[in-house]
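# Fold and contact review
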Amino acid sequence: MVSFRELARRLTRDGVVKDGITHQRISQIRRDDPEGFPPVVSIGRSLAVDYRLARPYFAGRKKRQGRRTDLEGKGSGE
């Protein structure tokens, strides 16, 4: 079992994620995909996951480009 912080470090070190990932992003992915994300346990105030299950999950995950929400609902400005 590894914390989200350690998971982010290992995924980057092992080249599973190309540009790196933060523990905050891992938490966000967990919230966005509660059914597909590997099982999580609480250890104190931290969340932990089995690296043997998390690595293939992140390796098979498609990276999505972020969306510019600051531009939504605005016209061309002219």
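Residues numbered from 1 in each chain as written. Predicted model: local features only at pLDDT ≥ 70, side-chain atom pairs only at ≥ 80, totals over all residues. Heavy atoms only, no water.

## Some thoughts on the sheet that holds strand β1 (residues 2-3)
- Strand order in the open sheet formed by 3 strands is β1-β3-β2, with antiparallel pairing between adjacent strands. In the strand order of this sheet, the two ends are held by β1 and β2 (40-43), each with one partner. (Pairing = 2+ DSSP bridges. Helix = DSSP H or I, 4+ residues; strand = E, 2+ residues; numbered from the N terminus.)

## Describing helix α3 (residues 51-60)
- Taken residue by residue, α3 has Y51, A54, Y57 and F58 as its buried positions. Buried positions in α3, seen along its axis, are confined to an arc of 125° and lie on one side of it. For α3, exposure combined with an orientation more than 90 degrees from the buried face picks out R52, A59 and G60.
- Summarising the contacts, the buried residues of α3 are in contact with β1, α1 (4-13), α2 (23-32) and β3 (46-49).
- Where α3 starts, the residue carrying a side-chain oxygen 2.9 Å from the main-chain nitrogen of R52 turns out to be D50. (Buried < 20%, exposed > 50% of the residue type's maximum accessible area, 1.4 Å probe, protein only. Arc of directions from axis to C-beta. Contact = heavy atoms within 4.5 Å. Polar contact = N/O pair within 3.5 Å; in protein donor to acceptor, adjacent residues only side chain to side chain.)

## Description of the packing of α1 against α2
- At their nearest, the axes of α1 and α2 sit 8 Å apart, and the two run at 105° to each other. In terms of their interaxial angle, α1 and α2 are classed as roughly perpendicular. In contact with F4, R5, L7, A8 and L11 of α1, α2 contributes H23, I26, S27 and R30.
- Taken together, the residues of the contact of α1 with α2 sort by class into 5 nonpolar, 2 polar and 2 charged. (Axes fitted to C-alpha atoms, helices over the stretch in contact; angles between N-to-C directions. Parallel < 35°, antiparallel > 145°, perpendicular 65-115°, else oblique. Nonpolar A, V, L, I, M, F, W, Y, C, P; charged D, E, K, R; others polar.)

## Overview of α1
- Of the residues making up α1, those classed as buried are F4, L7, A8 and L11. Down the axis of α1, the buried set is contained in an arc of 100°. They therefore lie on one face. Away from its buried face, by an angle of more than 90 degrees, α1 presents the exposed residues R5 and R13.
- For α1, the secondary structure elements touched by its buried residues are β1, α2, β2, β3 and α3.
- Once α1 ends, the next one or two residues include G15, with phi positive near 75°.

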